[in-house]
Amino acid sequence: MNRTWFWVFSLLVGLVLFFIFFAFYSCTSTVCFGVLEKPDYVNGQLVKHSFSSVDLYRDRNLDLEGNDVIVYLHIQKTGGATFGRHLVHNLDVDPPCSCVPGVKKCLCLTKNKRVWLVSRHSVGWICGLHADWTELTGCVDPWFKKVDDRGRKHRRYHYITMLRDPVKRFFSEWQHVSRGATWAGARLHCNGRSATLEEVPFCFSGEDWTGATFSEFVSCKSNLAFNRMTRMLSNLTKVNCYNRTGLDEDQVSKILVESAKENLLSFAFFGILEEQSKTQFLFEHTLGIKFINNLEQKEQTHVARLLMTQEMVDIAVRTNKQDIELYQFAKDLFNQRVADVEKRTGYTVQEYFDYYRDPQREEEQEEDGDVEDDSGMQHGQGEERRLSHYPGEAQPEAKRLSRQPKS
Ligand SMILES: *[C@@H]1O[C@H](CO)[C@@H](O)[C@H](O)[C@H]1NC(C)=O
Ligand SMILES: *[C@@H]1O[C@H](CO)[C@@H](O)[C@H](O)[C@H]1NC(C)=O
């Protein structure tokens, strides 16, 4: 009898050990027993950076009547359009932006008739379609000097942006492009000129890239979807803009990521699409401006409904290494900033919304009802519609010329 138990016990121990070893060998960073797991960077489980209080503390209490101006750097497919609309429709500022139903742009002026917000939904794409850091830093101040001359002598620019899980963002951009978006009108301005078509050829011939398959999408070398967040946040003059002749790829990549991190650190604020409550919490405590209605987390994105194979995920991870590194950095910074505000204020994010922020106002959440959106965030469950184009996207042919193709 004893001997039988001994063998049963041994067998069990053996099985458990086998299982552990099997798991050890079969689990890559994203797959375990054939089940797709979220990579570590997605959940913030992996903490790779710890920031000093200088980097965490951002208490800017903006004085919009004074010299403060918000500059919103809008990266494609980061939930940025939704957030951009919140900035014009949903901020508790006095006076509020003046918006006309059906018109995309609102008039956002202070009491002294000064522009306080640079964004697509207020002043439009004054620095070009989806202008990046390099374009904005070279263009915003000259624009104000021209337009705002009655007003302030100096302005303090507070850059803000939204980031998103780079793999989801990449898939989302592919979906958006295959539905007909091109952003061909982007100027890609750097060092005093736009990128040429030799430097950044379009991935499609003809009008757009409708119906592009995933493998077509990832085989185009000049596809700006790769590591888009890093490129748009870095100082591109450090790598000779879009001309990479004679430059070492790895070196360029390293410089871009470092530059993007450095610039992000200098931003007044950035939010994370996957973290709407914390984003709002941090925004309100950093800039000293509240939203009227709370930001909502939308789980049903196009991407959430998209079937991604492991192979597709692997490709996206492999081709977006810079963005993954940047996002890891950003998420650590973001979470530590949230924790820092919690520590300083003495309440948690949850307690803030439950008790401290505005106890009376819970019931009044209104639905935006706004379905026009390019973030892939807000459409219903039904069929996917072809999305409306941005201004400037409508005539890719005409816009090609604006990128100064070599003659
Ligand atoms: C971008 O980098 C270049 C080269 O390092 C530097 O001269 C320039 O001042 C930077 N641009 C901004 C806006 O900081
Ligand atoms: C790109 O850079 C290389 C090396 O710096 C230079 O020789 C070439 O003329 C540049 N091309 C363009 C289009 O500016």
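In this report, we go over the structure that sits alongside the text. The structure presented is a predicted model; accordingly, all values stated were derived computationally and were not measured.

Regarding the pairing of strand β3 (residues 68–73)
- Counting buried positions over the 6 residues of β3 gives 6, a clear majority of the element.
- With 6 bridges joining them, β3 and strand β5 (residues 156–163) adopt parallel strand pairing. Each residue of the ladder has a partner; that of Val 69, found in β5, is Tyr 157.
- Where β3 lies against strand β4 (residues 117–118), 2 bridges are found, and the strand directions are parallel.

Quick word on the sheet that holds β4
- Across the sheet, 4 strands lie side by side as β4-β3-β5-β8; this open sheet has parallel pairing. Two strands in the sheet have a free side with no partner beyond their single neighbour: β4 and β8 (269–272).

Describing the site of ligand 1
- Close contacts around ligand 1 come from Thr 137, Asn 235, Thr 237 and Lys 238, and that covers them all.
- Counted by class, the shell around ligand 1 contains no nonpolar, 3 polar and 1 charged residues.

Looking at helix α12 (residues 321–345)
- Between its first and last C-alpha atoms α12 spans 36 Å; for 25 residues at 1.5 Å apiece the expected length is 36 Å, and the two agree.
- Of the residues trailing α12, Gly 346 is marked for its positive phi of about 85 degrees.

Let's talk about the site of ligand 2
- Around ligand 2, a shell composed of Thr 196, Asn 243, Thr 245 and Gly 246 is seen.
- For the shell around ligand 2, the residue count by class is no nonpolar, 4 polar and no charged.

Some remarks on the environment of Asn 61
- One can find Asn 61 in the loop between α3 (53–56) and β3.
- Residues Asn 61 and Glu 284, spaced 223 residues apart in sequence, show a C-alpha to C-alpha distance of 9.0 Å.

Looking at unusual backbone geometry
- Each neighbour pair has its own omega, and for Asp 94 with Pro 95 the value is 0 degrees, a cis peptide bond.
- Relative to the helices and strands, Pro 95 resides in the loop between α4 (80–89) and β4.
- Here Lys 77, not a glycine, exhibits a phi torsion of approximately 60 degrees, which is positive.
- Summarising the element assignment, Lys 77 is placed in the loop between β3 and α4.
- For Asn 227, which is not glycine, the phi torsion reads 50 degrees and is therefore positive.

Details of the nonpolar core
- Formed by 75 residues in total, the largest nonpolar core has its most connected members in Ile 70, Val 71, Leu 73 and Ala 330.
- Element by element, the count of residues in this core is highest for α12, at 9 residues.
- Contacts of Ala 330, omitting those with residues within four sequence positions, involve Leu 163, Leu 264 and Phe 270.

Here we look at the environment of Asp 340
- One can find Asp 340 in helix α12.
- Between the C-alpha atoms of Asp 340 and Ser 53, which are 287 residues apart in sequence, the distance is 8.3 Å.
- Setting aside chain neighbours within four positions, we find Asp 340 in contact with Leu 56 and Tyr 57.

The rules behind these values
- Residues numbered from 1 in each chain as written.
- Chains lettered and ligands numbered in written order.
- Predicted model: local features only at pLDDT ≥ 70, side-chain atom pairs only at ≥ 80, totals over all residues.
- Buried ≥ 20, exposed ≤ 12 C-beta atoms within 10 Å, placed from the backbone.
- Helix = DSSP H or I, 4+ residues; strand = E, 2+ residues; numbered from the N terminus.
- Pairing = 2+ DSSP bridges.
- Near = placed C-beta within 6 Å.
- Nonpolar A, V, L, I, M, F, W, Y, C, P; charged D, E, K, R; others polar.
- Expected span 1.5 Å × (residues − 1).
- Core = buried A, V, L, I, M, F, W, Y, C linked by C-beta atoms within 7 Å.
- Contact = placed C-beta atoms within 7 Å.

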